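# Secondary and tertiary structure notes
If you want the building blocks of each chain, they are given just below.
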Amino acid sequence: MTIAADTARPAIIFDNVRLGFEEGDVLRGISFSVAPRETAVLLGETGTGKTLVLKLAAGLIRPDSGRIEVLGRDLGAMTERDLLDFRREIGFVFQEGALFDSLTVEENVAFRLREEHVDEDEIAARVHESLEFVEMAEAIAKLPGELSGGMRRRVSIARALVSRPSIVLYDSPTAGLDPVTSQKIITLILRLRDLQGVTALMATHRLQDAFALANFRFDPKLCRVVRAAENGARGGPKTGFFVLREGRIYFEGDQHQIRDTQDAYLARFLE
Amino acid sequence: MATLTPNRTGQQVEPESRPLKSVVNDAIKSALLSVQDNSVLAWKSIVDVFSPPFYFRDLLDQMDVIGVGSLPIIVLTGFFIGAILVLQTAAQFARFGTTALTGDAVSLALIKELGPTITALLVAGRSASGIASELGSMVVTEQVDAMRAMGTDPGRKLVTPRMVATVLVLPLLVGVADFVGLIGAYFVAHMTLGLSGPEFWNHAINAPGTNDLIQGLSKPLVFGFIIATVGCFKGLKVRGGTQGVGRATTSAVVIASVSILVTGFFLDKLLLWFVP
């Protein structure tokens, strides 16, 4: 696992980032930062630009203005070729999984490794390790069409972590899933964070997922999820909450601050 | 009733009523932008051929899908095109007592014009639509973004192998169509005009010169490039979910077919100039 070398410097920095389309501005000056090993949860109603923030962080789209720095690199100064190399250091879990539907689970998970011409024996070992991690080893020969929605998300997580990224971007990983499957996905995210120290940026409109990340941790000794000590206390993982509204960061804080808020919009959102 | 249309962020928006001039302006700008984007994609697909990473496996897969997959329809159509040609011209040749020239006429028509053009139109109908729908589906299900997010250039992985494969297999398919067309022509010539094998084949083989073969086999290179790049461009530019994929597929076939006919005309002029 390669954690950002400079642990004092934020792993992700958005500085006054603006992005608009023909229909108008979607992001109107977003600024926030995410420290290494921190989990940042982007909350907001549908259409507030959460997915766009993730795509900007991955360099998949470029902002109209503002600066984005990820793992110490200024994405605005990078060419498309540089960005392709840079993206090999991050993992992206898409909302519906975005698995290649003509490839098997094994080929999907191994895709990036094969692109990097990794030795086939090592590919087999790492694919198996990743699929074991998401408890999907038995589906290795299946096609995505044969999997349920939750299974596809788990394979997508396996695909994102196979290259051992230091940052993982999750786009609504539990959207449209039943509560039990959602719980499985959140447990996986907790395991990835607490066992491998991954920095995460997660877009979601499900508050319960955000609170689960802030209030629980994965205990490697007990091999299960337990209630966490105070958010970020004793060097433990910290979870930040960012609420997007009308193209701006409307709220930034931790789970206590958002829960105790007197703000009418946030109160309505929390309901 | 006004229909809602998706914008680039996927939200549904009410179309506004705008003055005609503005609509026409936007349509012209949009068309010019499409030409520009298509040209950039086409140029990049050529440039990418000469630098790594190379995707030979994808190239072979595409040659199989586009080339071998098109073979049955090319053989069937080629046979009947040759047969129809003789059927339509036999009466004229018989009137002037020049039935021996049937082989010459059919051979030249097939090799110089009908073989390349009809094969290209058939492959456009089959492959431009297939490419556009495949890539379009990948776009709407975020598979193309996933590819980019994993550090793979979709241009190199998806566009270049399809372009090279189509350019390589189309001349071969044209060769097959020409040959099968001549067999169909001979079959009808023998049945209706009573031409013997040597009478027909001696003329059919000797009529086309080297220049005619150059004309007939150089056009498919350009047609193949058009089919693949138009299909890829339309597929990668899909907006608006599954409906958008359907529109892209139709539009890819229409644009590729029209481009083949228009380009064919200018190529003929050019080739007649260089290799008369």
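Residues numbered from 1 in each chain as written. Chains lettered and ligands numbered in written order. Predicted model: local features only at pLDDT ≥ 70, side-chain atom pairs only at ≥ 80, totals over all residues.

## Concerning the overall build of chain A
Let me state the cut-off plainly: Working definition: helices are DSSP H or I runs of at least four residues, strands are E runs of at least two. Numbering for both runs from the N terminus. When we talk radius of gyration, it's over C-alpha atoms, and the globule rule is simply 2.2 Å times the number of residues to the 0.38. With C-beta atoms placed from the backbone, a residue counts as buried when 20 or more other C-beta atoms lie within 10 Å of its own, as exposed when 12 or fewer do, and as partly exposed for counts between those limits. C-beta atoms are first placed from the backbone for all residues, and any pair lying within 7 Å is then listed as a contact.
Within chain A one finds nine helices and twelve strands. Here chain A has a C-alpha radius of gyration of 18 Å; the compact-globule value for 271 residues is 18 Å, and the two agree. When the 271 residues of chain A are sorted by exposure, 43% land in the buried category. Contacts in chain A between residues far apart in sequence, at least 24 positions, make up 67% of those at least 6 positions apart.

## A look at the overall build of chain B
Secondary structure assignment for chain B yields eight helices and two strands. Seen in sequence order, chain B has helices and strands lined up from the N terminus as β-β-α-α-α-α-α-α-α-α. Based on the C-alpha atoms only, the size of chain B along its principal axes is roughly 70 × 45 × 35 Å. In chain B, which comprises 276 residues, the share counted as buried stands at 38%. Put simply, of all contacts in chain B between residues at least 6 apart along the chain, 87% involve residues at least 24 apart.

## Some details on the pairing of strand β7 (residues 167-171) of chain A
Residue and element names in this part refer to chain A. Put simply, the test is: When DSSP finds two or more bridges between a pair of strands, those strands are recorded as paired. Here is how to tell: hold the view so the strands point away, follow the path from the first strand over the helix to the second, and if it runs clockwise the crossover is right-handed.
In terms of burial, β7 is a largely internal element, five of the five residues being buried. With four bridges joining them, strand β6 (residues 90-93) and β7 adopt parallel strand pairing. Counterpart to Gly 91 in the pairing with β7 is Val 168. As paired elements, β7 and strand β8 (residues 199-204) share five bridges and run parallel to each other. Bridged to Ile 167 within β8 is Thr 199. Crossover connection from β7 via helix α6 (residues 179-196) to parallel β8: handedness right-handed.

## Considering the interface of chain B and chain A
Going by this rule: Lys, Arg, Asp and Glu make up the charged group, whereas Ala, Val, Leu, Ile, Met, Phe, Trp, Tyr, Cys and Pro make up the nonpolar group; the residues left over, Gly among them, are polar.
Tallying the contact residues gives 16 residues for chain B and 18 residues for chain A. The leading source of residues in the side of chain B that touches chain A is helix α4 (residues 143-149) of chain B, at five residues. Here the side of chain B that touches chain A is built from residues that sort into four nonpolar, seven polar and five charged.

## Digging into the confidence of the model for chain A
Low pLDDT marks regions whose predicted coordinates should not be analysed in detail. Our working definition: The pLDDT value tells you how sure the predictor is about a given residue, anywhere from 0 up to 100.
Per-residue confidence for chain A averages 90 on the pLDDT scale, and 94% of its residues sit at or above 70. Residue range residues 1-5 of chain A is modelled with pLDDT below 50. Its contacts to residues more than four positions away, or to other chains, number 14 contacts.

## Looking at the environment of Ala57(A)
Residue and element names in this part refer to chain A. Within the secondary structure, Ala 57 is located in helix α1 (residues 50-57). Accessibility expressed as a C-beta count within 10 Å gives 25 for Ala 57, which makes it buried. Sequence-wise, Ala 57 and Ala 137 are 80 residues apart; in three dimensions their C-alpha atoms are separated by 30 Å.

## Considerations on the sheet that holds strand β2 (residues 24-34) of chain A
All names here are of chain A. This is how it is decided: To obtain each axis, a line is fitted to C-alpha atoms, and for helices this fit is confined to the stretch in contact; angles are then taken between N-to-C directions over 0 to 180 degrees.
Strand order in this open sheet of four strands is β2-β1-β4-β5, and the pairing throughout is antiparallel. Of all strands in the sheet, those bounded by a partner on one side alone are β2 and β5 (73-74). As defined by bridge partners, strand β1 (residues 12-21) adjoins strand β4 (residues 65-70) across five bridges and the pair is classed as antiparallel. Paired with Asp 15 across the bridge in β4 is Arg 67. In the packing of α1 onto the sheet, contacts are made with β1, β2 and β4, and the angle to β1 comes to roughly 120 degrees.

## Some words on the packing of helix α3 (residues 102-140) of chain B against helix α7 (residues 210-236) of chain B
Residues and elements named next belong to chain B. Here is the rule: An angle below 35 degrees is treated as roughly parallel, one above 145 as roughly antiparallel, one from 65 to 115 as roughly perpendicular, and anything else as oblique. Here is the rule for handedness: rotate from the far helix to the near one, and if that takes an anticlockwise turn smaller than a right angle the crossing is left-handed, while a clockwise turn gives right-handed.
Interhelical geometry of α3 versus α7 gives an angle of 15 degrees and a closest axis separation of 8 Å. Regarding the angle of α3 to α7, the classification is roughly parallel. Note on packing geometry: the crossing formed by α3 with α7 is right-handed. A breakdown of the residues in the contact of α3 with α7 according to their chemical character gives 19 nonpolar, nine polar and five charged.

## A short note on the sheet that holds β8(A)
Residues and elements named next belong to chain A. Reading across the sheet, the six strands line up as β6-β7-β8-β3-β11-β12 and stay open at both edges, with mixed pairing between neighbours. Each of the sheet's edge strands pairs with one partner strand only, and the pair in question is β6 and β12 (248-253). Ignoring strand direction, the axes of neighbouring strands in this sheet form an average angle of 15 degrees. Of the strands in this sheet, β3 (39-44), β7, β8 and β11 (239-245) are in contact with α1, which crosses β8 at around 150 degrees.

## What about the confidence of the model for chain B?
Residues and elements named next belong to chain B. Per-residue pLDDT for chain B averages 91, and the proportion of residues at 70 or more is 94%. Residue range residues 1-6 is modelled with pLDDT below 50. Its contacts to residues more than four positions away, or to other chains, number eleven contacts. Interface confidence in the predicted complex, given as ipTM, is 0.89; pTM for the same model is 0.87.

## Points about the environment of Glu80(A)
Looking at where Glu80(A) falls in the secondary structure, it is placed in helix α2 (residues 80-87). Taking the C-alpha atoms as reference, Glu80(A) lies 23 Å from Val162(A); in sequence the two are 82 residues apart.

## Section: the nonpolar core
Rules: To count as a nonpolar core, a set of buried Ala, Val, Leu, Ile, Met, Phe, Trp, Tyr and Cys residues must be joined through C-beta atoms within 7 Å.
In this structure, Leu42(A), Ala57(A), Val168(A), Leu169(A), Leu201(A), Ile227(B) and Ala256(B) are the most contacted members of the largest nonpolar core, which totals 116 residues. Broken down by element, this core gets its largest block of residues, twelve residues, from helix α5 (residues 154-193) of chain B. By size, the runner-up hydrophobic cluster in this structure holds 16 residues, among which are Ile81(B), Leu110(B), Leu114(B) and Ala204(B).

## Considering the pairing of β12(A)
Residue and element names in this part refer to chain A. Two elements, β11 and β12, share five bridges in a ladder whose sense is antiparallel. Note on β12: the bridge partner recorded for Arg 245 is Arg 248. Counted along the chain from β11 to the antiparallel partner β12, the turn is two residues long, and its residue Glu 246 has a positive phi close to 50 degrees.

## Focus on unusual backbone geometry
At the junction of Pro52(B) and Pro53(B), the peptide bond is cis and its omega measures out at 0 degrees in the coordinates. Here Pro53(B) lies in the loop between α1 (20-47) and α2 (56-95). In this structure, His117(A) is a non-glycine residue whose phi angle is positive, near 55 degrees. Following the sequence through the fold, His117(A) ends up in the loop between α3 (105-115) and α4 (120-133). On the basis of neighbour count, His117(A) is assigned to the exposed category, with 9 C-beta atoms found within 10 Å.

## Here we look at the packing of α1(B) against α5(B)
Residue and element names in this part refer to chain B. Remark: α1 packs on α5, axes separated minimally by 9 Å, with the N-to-C direction vectors making an angle of 85 degrees. With respect to their mutual orientation, α1 and α5 come out roughly perpendicular. Where α1 approaches α5, its residues Leu 41, Lys 44 and Ser 45 are matched on the opposing element by Gly 155, Val 159, Thr 160 and Met 163. Classifying every residue of the contact of α1 with α5 by side-chain character gives three nonpolar, three polar and one charged.

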